[in-house]
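Residue-level structural notes
So the chains spell out like this:
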Amino acid sequence: MALMTKGDFARHRGVGKSAVSNWAKKGLLVMGECPTSGAIMVDVERTQARINSRVDPMRGRPTGGLPLTAPSPAPVEEGGDQRISGRSVAHVRADLAEEQLVSVRLKNAREAKELAAKVELDRRAAEMGRVARERMLAMWRAVSERLAAERDVRTIMAIGVGEIDRVFAQLADDVDAGRLVQDEASDEEAAIEHEVEAQLAEA
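Everything quoted here is computed from the prediction, not taken from an experiment.

The helix and strand inventory of the protein stands at seven helices and five strands. Listed N to C, the secondary structure of the protein is β-α-α-β-β-α-β-β-α-α-α-α in terms of helices and strands. Across the 203 residues of the protein, 24% fall into the buried class. Carbon and sulfur atoms make up 54% of the accessible area of the protein, which amounts to about 14,300 Å² in all.

And the structure:
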């Protein structure tokens with residue numbers, strides 16, 4: 001990650017300092033913390049990518065049709081908290097640390113094969129709903145005569161709650177053990193599952 005001061009970045013882009021100030025007010029500057037000095041400087045690659053995608057190359061001004069962040073106030077007076085693009089240095093550093101943490105977690109999850117394609121997660125969620133519904137219906141059929149014979153409301157409620165807890169506890173155990181295999185998968189669903197497995201193998 002290349003870092004520059006705003007003045008150096010202006011010279012790097014071949015523009016005046018006022019242009020860099022205008023970019024900062026438009027939220028186009030991406031800042032980073034220098035690992036040696038701790039100073040907050042311009043992240044050259046990320047800033048240039050943002051500027052190049054949002055600035056008219058013929059005029060050097062932000063294009064009107066693209067969303068820009070709200071203008072930021074000028075830095076506070078000397079002695080106050082240093083601010084960058086309207087945010088304190090502490091907030092900028094916290095955002096950088098959070099971004100790095102998320103990147104590391106995603107990398108670790110990807111290497112551990114803990115990530116799945118959205119289509120596969122949607123399919124599993126739908127299958128889980130179907131299985132839960134079928135088990136609940138089976139449970140009510142099994143206890144219907146027992147409930148019909150009861151006259152005490154509290155006893156009926158206790159039976160119902162106990163059976164519901166039992167069904168969902170068994171469902172959770174089956175999920176943990178990997179026993180929820182779809183028995184009646186259609187050809188289309190099987191094809192999607194194979195495609196997802198191929199995509200995950202290539203990742």
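Another point: the packing of aromatic side chains. A complete count under the given rule lists one aromatic pair for this structure. Between Phe 9 and Trp 23, the ring centres sit 6.2 Å apart and the planes meet at 70°, which makes this aromatic pair edge-to-face. Placement of Phe 9 in helix H1 (residues 6-13) and of Trp 23 in helix H2 (residues 17-25) is noted, with a sequence separation of 14 residues between them. Owing to a relative accessible area of 6%, Trp 23 belongs among the buried residues under this scheme.

With the rule as written, the count across this model stands at seven salt bridges. Residues Arg 46 and Glu 99 are paired through a salt bridge, measuring 3.2 Å at the closest nitrogen-oxygen approach. In this pair, Arg 46 is assigned in helix H3 (residues 44-54) and Glu 99 in helix H4 (residues 89-111), connecting sequence segments 53 residues apart. Residue Glu 134 pairs with Arg 130 through a salt bridge whose shortest N-O separation is 2.8 Å. Placement of both Glu 134 and Arg 130 in helix H5 (residues 118-149) is noted, with a separation of four residues, approximately one turn of the helix. Exposure remark for Glu 134: the relative accessible area of 42% places this residue in the partly exposed category. Among the charged side chains, a network of salt bridges with common partners joins Asp 43, Arg 46 and Glu 99.

As a further point, take the sheet that holds strand E2 (residues 31-33). Spatially, the three strands line up as an open sheet ordered E1-E3-E2, and their pairing is antiparallel. The sheet terminates laterally at strand E1 (3-4) and E2, the two strands that pair on one side only. Relative to strand E3 (residues 40-43), E1 runs antiparallel, the two being bridged by two bridges. Its bridge partner being in E3, Met 4 is matched across the sheet by Val 42.

A cluster of nonpolar residues, Val 102, Leu 106 and Leu 115, forms a patch on the protein surface that exposes about 230 Å² of accessible area. Within the element layout of this structure, Val 102 appears in helix H4. Under the relative-accessibility criterion, Val 102 is labelled partly exposed at 41%.

Cut-offs used in this document
Residues numbered from 1 in each chain as written. Predicted model: local features only at pLDDT ≥ 70, side-chain atom pairs only at ≥ 80, totals over all residues. Heavy atoms only, no water. Helix = DSSP H or I, 4+ residues; strand = E, 2+ residues; numbered from the N terminus. Buried < 20%, exposed > 50% of the residue type's maximum accessible area, 1.4 Å probe, protein only. Areas by Shrake-Rupley, 256 points an atom, 1.4 Å probe, with all protein chains shown as cover. Phe/Tyr/Trp six-rings, centres within 6.5 Å; stacked < 30°, edge-to-face > 60°. Salt bridge = Lys/Arg side-chain N within 4 Å of Asp/Glu carboxyl O. Pairing = 2+ DSSP bridges. Patch = residues over 30% accessible without salt bridge, like charges linked within 9 Å, V, L, I, M, F, W, Y side chains within 5 Å.

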